[in-house]
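Here is how the chains run, residue by residue.
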Amino acid sequence: MDAESTQLQQAELMAILGPDPAPFETLISHLMSSGNEQRSQAESIFNLIKQNDPNSLALKLAHLLSTSVNLESRAMAAILLRKQLTRDDSFIWPQLSESTRSAVKNILLSAIQSEESKSIIKKLCDTISELASSLLPDNQWPEILPFMFQCVTSSSPKLQESAFLMFSQLAQFIGETLIPYITDLHTVFLNVLNNSPNPDVKIAALSAVINFIQCLSSSTDRDRFQDLLPAMMRTLTESLNSGQEATAQEALELLIELAGTEPRFLRRQIVDVVGSMLQIGEAESLEEGTRHLAIEFVITLAEARERAPGMMRKLPQFISRLFAILMKMLTDVEDDPAWHTAETKDEDAGETSNYSVGQECLDRLAIALGGNTIVPVASEQLPAYLSAPEWQKHHAALIALAQIAEGCSKVMIKNLEQVVNMVLNSFQHPHPRVRWAAINAIGQLSTDLGPDLQVQYHQRVLPALAAAMDDFQNPRVQAHAASAVLNFSENCTPEILTPYLDGIVHKLLLLLQNPKQMVQEGSLTALASVADSSQELFKKYYDAVMPYLKTILVNATDKSNRMLRAKAMECISLVGMAVGKEIFKEDAKQVMDVLMSLQGSQMETDDPTTSYMLQAWARLCKCLGQDFLPYMTVVMPPLLLSAQLKPDVTITSADSDNEIDESDDESMETITLGDKRIGIKTSVLEEKATACNMLCCYADELKEGFYPWIDQVAPTLVPLLKFYFHEEVRKAAVSAMPELLRSAKLAVEKGIAQGRNETYVKQLSDYITPALVEALHKEPDTEICASMLDALNECVQIAGPILEESQVRSIVDEIKQVITASSSRKTERAERAKAEDFDAEEGELLKEENEQEEEVFDQVGEILGTLIKTFKANFLPFFDELTSYLMPMWGKDKSAEERRIAICIFDDVAEQCHELALKYYDTYLPFLLEACNDENPDVRQAAVYGLGVCAEFGGSVFKPLVGEALSRLNFVIRHPNASQPDHVMAYDNAVSALGKICQFHRDSIDSAQVVPAWLSCLPIKGDLIEAKVVHDQLCSMVERSDMELLGPNNQYLPKIVSVFAEVICAGKDLATEQTTSRMISLLRQLKQTLPESTLASTWSSLQPQQQLALQAMLSS
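Please read these numbers as outputs of a predicted model, since none were measured by experiment.

Novice: What am I meant to see in the overall build of the chain here?
Specialist: Helix and strand counts for the chain stand at 55 helices and three strands. The principal-axis extents of the C-alpha atoms in the chain amount to approximately 125 × 75 × 75 Å. Expressed as a percentage of the 1116 residues in the chain, the buried residues total 55%. Once local pairs closer than 6 in sequence are excluded, the contacts in the chain between residues at least 24 apart make up 72%.

Novice: Is there a simple way to explain a negative patch on the surface in this structure?
Specialist: A surface patch of like charges, here negative, comprises Glu727, Glu783, Asp790, Glu855 and Glu862. Of all the elements in the fold, those that place two or more residues in the negative patch are helix H39 (782-799) and helix H41 (840-871). Among the structural elements, Glu862 can be located in helix H41.

Novice: When you look at the pattern of salt bridges in this model, what are you seeing that I'm missing?
Specialist: Pairing is possible between side chains that carry opposite charge, provided their charged atoms lie close to one another. Within this structure, the stated rule accounts for 59 salt bridges. Across the pair Asp700 and Lys622 runs a salt bridge whose closest N-O atoms are separated by 3.6 Å. Of this pair, Asp700 sits in helix H35 (residues 682-702) while Lys622 sits in helix H33 (residues 609-624), and the two are 78 residues apart along the sequence. A salt bridge links Arg809 to Asp813, with the shortest nitrogen-to-oxygen separation between them at 3.0 Å. On the criterion of helical spacing, the pair formed by Arg809 and Asp813 is a turn pair, its members being four residues apart in helix H40 (residues 805-832). The partly exposed category is assigned to Asp813, whose relative accessible area is 35%. Each member of the salt-bridge network shares a partner with another, and the members are Glu296, Glu303, Glu360 and Arg364.

Novice: Where do I start with the packing of helix H28 (residues 501-512) against helix H29 (residues 517-534) in this structure?
Specialist: Any two packed helices are characterised by how steeply their axes cross, that is the angle between the axes, and by the distance between the axes. Contact pair H28 / H29: the axes reach a minimum separation of 8 Å and the direction vectors enclose 150°. With respect to H29, the element H28 is oriented roughly antiparallel. H28 and H29 meet at a crossing whose hand is left-handed. Contact with H28, carried on its side by Leu501, Ile504, Val505, Leu508, Leu509, Leu511 and Leu512, involves Val519, Gln520, Ser523, Leu524, Ala526, Leu527, Val530 and Ser534 of H29 and no other residues of that element. In the contact of H28 with H29, the residues fall into twelve nonpolar, three polar and no charged.

Novice: Just to check I follow, could you spell out the packing of aromatic side chains for this structure?
Specialist: In this description, a pair of aromatic rings is defined by centroid distance and the angle of the planes. Within the structure shown, the criterion is met by 23 aromatic pairs. For the pair Phe875 and Phe878, a centre-to-centre distance of 5.6 Å together with 35° between the ring planes defines the contact as tilted. What makes Phe875 buried here is its relative accessible area of 2%. Judged by its relative accessible area of 6%, Phe878 falls in the buried class. Taken together, Phe149, Phe164, Phe167, Tyr181, Phe189, Phe212 and Phe225 form an aromatic cluster joined through their ring pairs. The residue whose ring lies beneath Lys688 is Phe723, and the NZ or CZ to ring-centre distance is 5.1 Å.

Novice: Please clarify how unusual backbone geometry should be interpreted in this entry.
Specialist: Trans is the prevailing form of peptide bonds, just as negative phi is the prevailing case for residues other than glycine. Omega for the peptide link from Gly450 to Pro451 comes to -5°, which places this bond in the cis form. In this fold, Pro451 is placed in the loop between helix H24 (432-448) and helix H25 (452-468). Cis geometry is found at the peptide bond from Leu1018 to Pro1019, where omega equals -5°. With respect to the element layout, Pro1019 can be found in the loop between helix H49 (1007-1016) and helix H50 (1024-1039). Its identity is not glycine, yet Gln535 carries a phi of approximately 50°, on the positive side. The residue Gln535 is located in the loop between H29 and helix H30 (542-555) in this model. For Asn1050, which is not glycine, the phi torsion reads 55° and is therefore positive. Relative to the helices and strands, Asn1050 resides in the loop between helix H51 (1043-1046) and helix H52 (1053-1065).

Novice: It is not clear to me how helix H31 (residues 562-579) should be interpreted in this structure. Could you clarify?
Specialist: What sets the pattern is the α-helix's 3.6 residues per turn: residues three or four places apart point alike. Counted at 1.5 Å a residue, the expected span for H31 with its 18 residues is 26 Å, and the 26 Å between its end C-alpha atoms agrees. Counting buried positions over the 18 residues of H31 gives 16, a clear majority of the element. Looking at the residues trailing H31, positive phi occurs at Gly580, about 95°.

Novice: I tried to follow the environment of Lys681 on my own but got confused; where do I start?
Specialist: Examined against the element boundaries, Lys681 turns out to sit in strand E3 (residues 676-681). Between the C-alpha atoms of Lys681 and Trp1099, which are 418 residues apart in sequence, the distance is 76 Å.

Novice: What should I look at first to understand the side chain of Glu853 in this one?
Specialist: Along the chain, Glu853 falls in helix H41. For Glu853, the side chain forms a polar contact with the side chain of Ser822, separated by 2.8 Å. Looking at Glu853, its side chain comes within polar contact range of the side chain of Arg829, at 2.9 Å. Those residues in contact with Glu853 that lie beyond four places of it in its chain are Thr782, Ser822, Arg825, Lys826 and Arg829.

Novice: Is there a simple way to explain the packing of helix H36 (residues 710-717) against helix H37 (residues 727-749) in this structure?
Specialist: Contact geometry for H36 and H37: axes closest at 10 Å, N-to-C directions at 155°. Here H36 lies roughly antiparallel to H37, going by the angle between them. Judged by the twist between their axes, the crossing of H36 over H37 is left-handed. Together, Ile710, Val713, Ala714 and Leu717 of H36 and Ala733, Ala736, Met737, Leu740, Ser743 and Ala744 of H37 make up the contact between the two elements. Residues belonging to the contact of H36 with H37 are distributed by class as follows: nine nonpolar, one polar and no charged.

Novice: Would you explain the nonpolar core in this entry?
Specialist: Most often, soluble globular proteins keep nonpolar side chains buried together rather than apart. One finds Phe164, Phe628, Tyr698, Phe706 and Phe875 to be the most contacted residues of the largest nonpolar core, which totals 400 residues. Residue contacts for Phe875: discarding those within four places in its chain leaves Val808, Val812, Leu864, Leu867, Ile868 and Leu882.

Novice: Can you walk me through the confidence of the model for the chain in this structure?
Specialist: The predicted coordinates ought not to be read in detail in places where the model reports low pLDDT. Chain-level statistics for the chain give a pLDDT mean of 88 and a share of 97% at 70 or above. Within the chain, the lowest mean pLDDT, 66, falls on strand E2 (residues 668-673), and the highest, 96, falls on helix H21 (residues 391-404).

Reading guide: rules and limits
Residues numbered from 1 in each chain as written. Predicted model: local features only at pLDDT ≥ 70, side-chain atom pairs only at ≥ 80, totals over all residues. Heavy atoms only, no water. Helix = DSSP H or I, 4+ residues; strand = E, 2+ residues; numbered from the N terminus. Buried < 20%, exposed > 50% of the residue type's maximum accessible area, 1.4 Å probe, protein only. Contact = heavy atoms within 4.5 Å. Patch = residues over 30% accessible without salt bridge, like charges linked within 9 Å, V, L, I, M, F, W, Y side chains within 5 Å. Areas by Shrake-Rupley, 256 points an atom, 1.4 Å probe, with all protein chains shown as cover. Salt bridge = Lys/Arg side-chain N within 4 Å of Asp/Glu carboxyl O. Lys, Arg positive; Asp, Glu negative; His and termini not counted. Charge placed at Lys NZ, Arg CZ, Asp CG, Glu CD. Axes fitted to C-alpha atoms, helices over the stretch in contact; angles between N-to-C directions. Parallel < 35°, antiparallel > 145°, perpendicular 65-115°, else oblique. Left-handed = near helix turned anticlockwise from the far one by under 90°. Nonpolar A, V, L, I, M, F, W, Y, C, P; charged D, E, K, R; others polar. Phe/Tyr/Trp six-rings, centres within 6.5 Å; stacked < 30°, edge-to-face > 60°. Lys NZ or Arg CZ within 6 Å of the ring centre and 35° of its normal. Expected span 1.5 Å × (residues − 1). Polar contact = N/O pair within 3.5 Å; in protein donor to acceptor, adjacent residues only side chain to side chain. Core = buried A, V, L, I, M, F, W, Y, C linked by side-chain atoms within 4.5 Å. pLDDT = per-residue confidence, 0-100.

This is how it looks when you write it as structure tokens:
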């Protein structure tokens, strides 16, 4: 900048900061200018002042907001001052001198008393609250609380409202410090809510009360405000009675917040509160917005499961009223001619906001309360709708059925006949919109009530859908019938589909030639799904279907057909996967050429082709395997770009004026975190998630072939282990970690890693493992925690001994953390079970949550097993540390799964560490012996397996316990259910352990009794691993002519021969090839050495097919 312009700027700054307020006010007005240049110039001057002279800036803004006659200037000054006083990058308070600070505080408090404009008062309240929230925790603004109390009790409604507004915003910062004044506050609140004539003051007071209640941690303190509820509700009813619906809507929004965070506060007066809300919902004279909020309140209460489990189920009469309101809202649908044109843009033609709210709320209500509550209400109300003459009512009943299916699935599956009849009878209705709704219901029920619906009713549902595809007068109905075939076949086995395939594929091909794009798209997705479900059975249709698909792919090029082309890609790739490489190979090349040329073209950001293409490429890779490698150079660059997309996030404060307008952009999702509102563009996240999933697919499919891309993919995916905006992105990143490591290891082993060696695998492992551990530490979702442990386990298996001790240490520390966190979640659930309204349905849901918790424990067991197998005795110091975490898992109060895992971990230590594990026998063997009597067969299996291991490696330490062990094993072997499928593993392992005692402790047992008892249990056929061990042991004993086994005068020989026969005839399942051939040569020897009569009687004890098979083997 030259000297002259610097001087000019200096002069300008001096004028702006000089005694005359006008230049500063002009600068502020320029900040609001619509002209870009003027505005950006003003911004740079403003920022210059902020950097060089924050004191002057703060004082100028404060004077402007208290003295300017111009409304916009005062408003802008309040907003700007608030921004400078917000604790983020622009926070200037720490740079201000004491005198400036004091002046700003005083000016703010006097401005709020002199300001007349309502909107500016609100902005001032925001500014004061923002500053106070920073200063109050350290008590740096002692004047503010007395000032607020003074305003609340003053006679000026304006000041009262301001004080309550500030209370609302500051409650979370000052709530606990106000506890000594609870009585005074209670009096003030009650007085204002009951007596203030001013509705604005009442709403502000309501907001203050609700915010205050939420920040009190003790329920006793909260309950002192119980008696305010009637007055709080009156605020709402009075504003409705006086026609002030905007005020009423504000009150409703506040009460909804209370229902979500402190539902139990409402419990004692729930009948009155919910009753009033339903009256509002029923009042058709009120604005829709008001009624929708009242309904939202009741649904929110129903959804407040964690804080008030079961509370709403205790009010069946209200559920019935709410259901009736929602049903009536569903009838608010018009027969818009645009609907019949079947253009995608008119998909929702005729649907009103009542209709969409009704739909959404039925879905949420059913999920929140479950089938036992909702199905009886639906059964009572739906028949009248189904038999009504108006099509809207019939339509409403079918839509309702589809909406409640997810939440009521368990109960609806028990009444399938009734449900299916209701829907299928409507397929004949004269009105196409009702037929559409019936098809829609079948589609939804196929998803929510499958596979039961498919298994029991395919012979009625599929022909009905096929007939609906012939409704050429109504393309919307045809297209929807095709979509329902998609839902039906997704939950379906090939056997069920087979008899219908000819008819369905034929009809879908006809629809594919329909001029309406919606019909073509429906047909494509249905064909894709049918191919996916029928797999190689689809081969016979390949030649008929593929030419049509390729034609669409090549010709659907203009913008209006983008979705059609995308669906064709999806369909082709799924058909290719279904029929396999041999059949698809020829067309695959053409298809990939089209995709390659598309890949190179410029696409618009909202073009669906991108994400469909990413998925199609990955399916083609799965189909073609290693033959796909040449295409990777085309596929990977854009895929990496999609995986690296930054989330499109906008952050505003939760109460700001410039809220993100959700209505104008379907793909924006907003969440409120604390006092910030975060808007996220979901389409970006979905593309990112798809791309991450595809990267995982390629690594999985191509194994070492994926090696060249690891250096780019690992740094892309590792940071995404902590991508909290989208679960699918995290899940994909987690699944990819072991795949990347495996690919690198295989490439090194096969010598195709461009000269890199094990060091490279170690570097990759050193990058991935700590990242997984750290992500696990921060992961909020239980299911993803389990996946992370699983991925970590695989990584440890792949990396093996190259893991350093420090990494093992961090994994072990994290496992401690996981066990502790899981236990505290279980305790929290147990607390929930003590709630006053807790009922059987809540119990069911708790059980499901606890089962998910077991998945975490399962994975803890797996990874500890892997560490023990990998590091053996070197892991024992870590095992010692973990004892205090693992011992409680043996407790009788713990779940069977936890007990099983604790036992398995000890089994692994005993098996891998041999004599170094003997020091643990004293502690663990008593538990092991006791667990042999556990009522759960999986726990018994782990326990008896452990006894076998200890018998094998325990030597003299195990000797004194042999007698006790025998009686426990005997209990398992003679268990009344021993032969049932879920008990057979326990039985087989007990037999194996008994064999180990015979082998290693023969001198401590009555072998003439025990050995034949063991023989009588053979062969074992459930646990194929143990079977091979046990039958090999039997073979060795016969080879050395074990006297106790053969018995006096070889009396047990027929049993031995019959065991051999069964084992040999079972092929490779029950014995290794080596054992089988040893058995055959033993039988040949016996044939030579035994007397004819013994042989004949032995032979006759075999089944005819065994005799034949053996003769063939012995003579070959």
